[in-house]
Amino acid sequence: MIELHLILFLMIIGAVVAMEIEDLLSSIIALGAVGMGLTLEFLLLRAPDLAITQLVVEILSLIILIKATVSVDIQAKKTRTNPYYFIFALLFVAVFLWFSYKAVVQLPAFGQPLMKMGGQYIAEAAKKTSAANIVAAIILDFRGYDTLGEATILFTSVIGVLAVLRKTGRKK
Amino acid sequence: MKAKEAGMSLIVKRITKITVSLIFLFGVYIVLHGHLTPGGGFAGGVIIALSFIHLVLAFGKEIALKKFSESAASLTESLGGLMFLGVGLLGLLGGYFFLNILPHGKTFDLFSSGIIVLCNIAIFLKVGAGLFSIFIAMAILKIPLEDNQENK
């Protein structure tokens with residue numbers, strides 16, 4: 001369990017670096033480090049399906065971000081902020097941490113009670129669908145309707161991107 | 001700088017010729033074994049989109065778009081979506097939406113578990129073509145930015 005927290009700590013450092021650093025390319029690299037840390041976390045939690053998907057999506061988004069930003073020379077603007085804002089931010093973080101602590105201690109232990117529905121799936125997936133990969137059996141057979149919704153979301157987002165970035169029919 | 005040539009240097013092009021087919025093959029393996037091993041339609045589709053993106057980055061967009069053009073990408077994506085919906089509607093023959101009516105076969109066989117293989121293939125077509133066309137639109141075209149720089 002200790003390596004899980006170690007990687008989580010490195011991911012938080014990477015996220016802060018990605019937010020604070022001025023160079024855009026370095027910021028993207030730090031974001032990639034966060035994604036790779038998430039991949040390792042999924043592997044340690046024994047979710048290889050999620051790890052593979054996270055890895056390839058991370059690589060794809062890194063390529064798109066680098067390709068889209070490397071030729072555009074944007075420098076982060078330095079803006080002077082009111083020093084009182086820092087105090088407000090600290091106050092907000094303190095309140096947030098207190099409430100999240102109150103919420104987290106109420107949670108059951110990690111992965112401890114097997115839910116009724118999940119137990120049914122684990123017991124019957126191999127028998128009912130004869131699929132060896134239980135994740136595929138759940139998302140494509142028991143929960144196929146949800147996956148259809150996800151596919152529709154992806155379809156709509158592709159249409160949106162292509163409509164915004166289209167070549168033909170653009171007003172000069 | 002030398003005369004501008006599409007794509008990257010000779011070393012990158014040589015190695016791309018070897019690796020791109022291996023990446024494509026690995027994507028096909030991930031899709032077709034989605035019901036046996038980790039992975040599935042989404043991961044395999046992204047891997048195959050990455051193999052085409054590899055071609056775009058190494059050889060420039062003309063050669064890559066000759067192999068898999070933008071209109072072919074949007075056609076493939078729509079076909080994948082329709083195929084997934086069709087597999088779902090196929091279940092109505094047996095009673096309800098997304099019912100697994102195809103023969104299940106034995107566990108650990110390649111041709112087993114009914115509609116899951118078909119769903120994986122449909123999602124693979126959809127995700128691969130969709131993400132490839134997003135990459136083409138975001139990274140290659142860049143219309144508004146170039147217009148702004150010319151107008152200055």
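Residues numbered from 1 in each chain as written. Chains lettered and ligands numbered in written order. Predicted model: local features only at pLDDT ≥ 70, side-chain atom pairs only at ≥ 80, totals over all residues.

> Describe in detail the overall build of chain B, supporting the description with residues and values.
What chain B contains, in helices and strands, is six helices and zero strands. If you list the helices and strands of chain B from N to C, you get α-α-α-α-α-α. The buried share of chain B, taken over its 152 residues, is 39%. Considering only residue pairs separated by 6 or more positions, chain B has 68% of its internal contacts joining residues 24 or more positions apart. (Helix = DSSP H or I, 4+ residues; strand = E, 2+ residues; numbered from the N terminus. Buried ≥ 20, exposed ≤ 12 C-beta atoms within 10 Å, placed from the backbone. Contact = placed C-beta atoms within 7 Å.)

> Talk me through the overall build of chain A; I want residue IDs and the actual numbers.
What chain A contains, in helices and strands, is seven helices and zero strands. Ordering the α and β elements of chain A from the N terminus gives α-α-α-α-α-α-α. At 22 Å, chain A has a C-alpha radius of gyration far larger than the 16 Å of a compact globule built from 172 residues. For chain A, the residues scored as buried account for 14% of the 172 residues in total. A separation of at least 24 residues holds for 37% of the contacts in chain A among residues at least 6 apart in sequence. (Rg over C-alpha atoms; globule rule 2.2 N^0.38 Å.)

> Which residues make up the interface of chain A and chain B, and what values do they have?
Each partner contributes residues to the interface: chain A has 35 residues there, and chain B has 47 residues. For the side of chain A that touches chain B, the secondary structure elements donating two or more residues are helix 3 (48-69), helix 5 (116-129), helix 6 (134-142) and helix 7 (144-164) of chain A. Tallying contributions element by element places helix 3 of chain A first for the side of chain A that touches chain B, with 12 residues. Each residue belonging to the side of chain A that touches chain B can be placed in one class, and the counts come to 25 nonpolar, five polar and five charged. (Nonpolar A, V, L, I, M, F, W, Y, C, P; charged D, E, K, R; others polar.)

> Residue-level account of the packing of helix 7 of chain A against helix 4 (residues 70-90) of chain B, with values.
Helix packing for two helices is described by the angle between their axes and how far apart those axes are. The geometry of helix 7 of chain A relative to helix 4 of chain B is characterised by a closest axis approach of 11 Å and an angle of 160 degrees between their N-to-C directions. Overall, the two elements helix 7 of chain A and helix 4 of chain B adopt an arrangement that is roughly antiparallel. The handedness of the crossing between helix 7 of chain A and helix 4 of chain B is left-handed. In this structure, helix 7 of chain A uses A:Gly144, A:Leu148, A:Ala151, A:Phe155 and A:Val158 to contact helix 4 of chain B, whose residues at the interface are B:Glu77, B:Gly81, B:Phe84, B:Leu85 and B:Gly88. (Axes fitted to C-alpha atoms, helices over the stretch in contact; angles between N-to-C directions. Parallel < 35°, antiparallel > 145°, perpendicular 65-115°, else oblique. Left-handed = near helix turned anticlockwise from the far one by under 90°.)

> With reference to specific residues and values, describe the domain arrangement of chain A.
Taken as a whole, chain A is organised into domain 1 (1-75) and domain 2 (115-172). Domain 1 of chain A and domain 2 of chain A are separated by 24 Å when their C-alpha centres are compared. (Domains from an automatic or database assignment.)

> Describe in detail the nonpolar core, supporting the description with residues and values.
Membership of the largest hydrophobic core comes to 50 residues, with the highest contact counts inside it found for B:Val46, B:Ala49, B:Ile116, B:Cys119, B:Ile123 and B:Phe132. Those elements giving two or more residues to this core turn out to be helix 3, helix 6 and helix 7 of chain A together with helix 1 (10-32), helix 2 (41-59), helix 4 and helix 5 (115-141) of chain B. Of the residues forming this core, the biggest block, 17 residues, is contributed by helix 5 of chain B. Looking at which domains feed residues into this core, each of domain 1 (1-75) and domain 2 (115-172) of chain A supplies at least three. Once you skip the residues sitting within four places of it in the chain, B:Val46 turns out to touch A:Val56, A:Val57, A:Leu60, B:Val127 and B:Leu131. (Core = buried A, V, L, I, M, F, W, Y, C linked by C-beta atoms within 7 Å.)

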